[in-house]
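# Results of the structural survey
Each chain is listed here by its residues.
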Amino acid sequence: MSLTDDLLSQLQGAPLQQVSQQLGIDSQQASGAISAALPLLMGALGNNAAKPQGAEALFGALQNNHSGLDIGSVLGAVMGGGNSPAANGAGILGHIFGGNQNRAETGLAQATGLSPSSSSQLLKILAPIVMAYIAQRMSSGGQASAGGLAQILGQEKQQVTQAGGIGGGLLGSVMDQDGDGQFGVSDLIKLGSGLLGSGKR
């Protein structure tokens with residue numbers, strides 16, 4: 001099972017309800033949006049970890065700010081407006097996406113039907129959870145090194161890209177470094193309506 005699928009399964013139930021209430025959307029839409037956002041975040045982290053200095057910086061952040069945290073407590077801190085580095089979704093997103101953050105938020109909104117503000121908020125909620133989850137996996141998997149992290153996230157990025165779907169398509173467009181800003185959004189929306197069962201066949 002990929003990291004994305006494993007984390008997605010852990011977010012079902014109460015965490016999903018909390019996210020949907022926070023965003024003011026129903027749980028089905030929240031589930032679809034999370035399914036699109038997680039591969040985007042994981043793939044972007046894989047992109048960053050592919051560079052040695054990126055892997056070192058990410059590994060340091062995981063060790064210093066995110067190790068030993070469980071998903072439930074991180075979600076609670078994020079929802080409660082916690083100021084700790086572990087709950088600072090905006091700061092984490094800035095590191096993950098850099099100058100592509102707006103593009104990520106806009107692309108996610110267009111692909112899932114969320115408003116831009118809800119899309120931004122969802123990524124800020126999920127980013128700390130993804131970091132805590134990866135820190136957890138690193139400590140339990142015995143690969144606690146920047147090299148091990150780069151390997152794990154590199155494999156995950158490959159799986160996200162190969163799986164396609166909304167997350168894979170978004171990842172490609174957000175990480176498109178030529179800066180033309182072309183999302184191929186109509187394709188993503190067609191794909192999304194099929195996947196999320198929104199009835200737009």
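One structure accompanies this document, and this report is about it. (Residues numbered from 1 in each chain as written. Predicted model: local features only at pLDDT ≥ 70, side-chain atom pairs only at ≥ 80, totals over all residues. Heavy atoms only, no water.)

### Regarding the overall build of the chain
What counts here: Numbering of helices and strands runs from the N terminus, with a helix taken as a DSSP run of H or I at least four residues long and a strand as a DSSP run of E at least two residues long. When a residue's accessible area, from a 1.4 Å probe over protein chains only, is under 20% of the maximum for its type it is buried; when over 50% it is exposed; and in between it is partly exposed. Here a residue-residue contact requires only that any non-hydrogen atoms of the pair lie within 4.5 Å.
Across its full length, the chain holds 11 helices and 0 strands. When the helices and strands of the chain are read in sequence order from the N terminus, they spell out α-α-α-α-α-α-α-α-α-α-α. The buried share of the chain, taken over its 201 residues, is 49%. Across the chain, contacts joining residues at least 24 apart in sequence account for 74% of those joining residues at least 6 apart.

### Things to note about the nonpolar core
We count it as follows: Take the buried Ala, Val, Leu, Ile, Met, Phe, Trp, Tyr and Cys residues and link them wherever side-chain atoms come within 4.5 Å; each set so joined is a nonpolar core.
One finds Leu7, Ile34, Leu41, Phe97, Leu122 and Ile134 to be the most contacted residues of the largest nonpolar core, which totals 61 residues. Broken down by element, this core gets its largest block of residues, 13 residues, from helix H8 (residues 116-141). Residues within four places of phenylalanine 97 in sequence aside, it is in contact with Leu40, Leu41, Ala44, Ala104, Val174 and Met175.

### Here we look at helix H3 (residues 27-49)
Inclusion rule: The span one expects for a helix is its residue count, reduced by one, times 1.5 Å. Here a polar contact means two N or O atoms within 3.5 Å. Within protein one must be a hydrogen donor candidate and the other an acceptor candidate, and residues neighboring in sequence count only if both atoms are side-chain atoms.
Between its first and last C-alpha, H3 extends 32 Å over 23 residues, near the 33 Å set by a 1.5 Å rise per residue. Within H3, 18 of the 23 residues are buried, which leaves it mostly tucked inside the rest of the structure. If you check the start of H3, you find a side-chain oxygen 3.1 Å away from the backbone N of glutamine 28, and it comes from aspartate 26.

### Some remarks on the packing of H3 against helix H4 (residues 52-66)
Where we set the bar: Lines fitted to C-alpha atoms define the axes, with helix axes restricted to the stretch in contact, and inter-axis angles between N-to-C directions lie between 0 and 180 degrees. With respect to orientation, any angle under 35 degrees is reported as roughly parallel, any angle over 145 as roughly antiparallel, any angle of 65 to 115 as roughly perpendicular, and every other angle as oblique.
Here H3 crosses H4 at 120°, and the two axes come no closer than 6 Å. Viewed along their axes, H3 and H4 adopt a mutual orientation that is oblique. Side by side, H3 and H4 meet where Leu45, Asn48 and Ala49 of the first sit next to Gly54, Ala55 and Leu58 of the second.

### What about helix H6 (residues 89-97)?
Note the cut-off: Arc definition: directions from the helix axis to the C-beta atoms.
Every buried residue belonging to H6 is among Gly89, Ile92, Leu93, Ile96 and Phe97, and all of these are buried. Within H6, the buried residues cover an arc of 110° as seen down the axis, which keeps them to one side. Positive backbone phi, approximately 55°, marks glycine 98, located one or two places after H6.

### Notes on the environment of leucine 45
Inspection of the secondary structure puts leucine 45 in helix H3. Assessed through its relative accessible area of 1%, leucine 45 is described here as buried. The sequence separation of leucine 45 and leucine 58 amounts to 13 residues, and the corresponding C-alpha distance is 8.3 Å. Residues within four places of leucine 45 in sequence aside, it is in contact with Leu58, Ile96, Val130, Met131, Ile134 and Leu153.

### Describing the packing of H6 against helix H7 (residues 101-112)
Formally: We call Asp, Glu, Lys and Arg charged. Ala, Val, Leu, Ile, Met, Phe, Trp, Tyr, Cys and Pro are nonpolar, and the rest, Gly among them, are polar.
Two numbers describe how H6 lies on H7: the axes approach to 9 Å, and their chain directions differ by 105°. By the angle between their axes, H6 is roughly perpendicular relative to H7. Where H6 approaches H7, its residues Ala90, Leu93, Gly94 and Phe97 are matched on the opposing element by Gln101, Ala104 and Glu105. Across the contact of H6 with H7, the residue classes tally to 4 nonpolar, 2 polar and 1 charged.

### A short note on the pattern of salt bridges
How we decide: Whenever Lys or Arg places a side-chain nitrogen within 4 Å of a carboxyl oxygen from Asp or Glu, that contact is recorded as a salt bridge.
Using the criterion set out here, one finds 1 salt bridge in the structure. Salt-bridge contacts for aspartate 6 lead to arginine 137; the nearest nitrogen and oxygen are separated by 3.0 Å. Of the two residues, aspartate 6 sits in helix H1 (residues 3-10) while arginine 137 sits in helix H8, which places them 131 residues apart along the sequence. Exposure remark for aspartate 6: the relative accessible area of 18% places this residue in the buried category.

### Comments concerning the side chain of asparagine 47
Counting through the fold element by element, asparagine 47 comes out in helix H3. Note on asparagine 47: relative accessible area 18%, which makes it buried. When sequence neighbours within four positions are dropped, the list of residues in contact with asparagine 47 reads Lys157 and Met175.

### Notes on the environment of glycine 68
Here glycine 68 lies in the loop between H4 and helix H5 (71-79). The spatial distance from the C-alpha of glycine 68 to the C-alpha of serine 139 is 8.5 Å, given a sequence separation of 71 residues.

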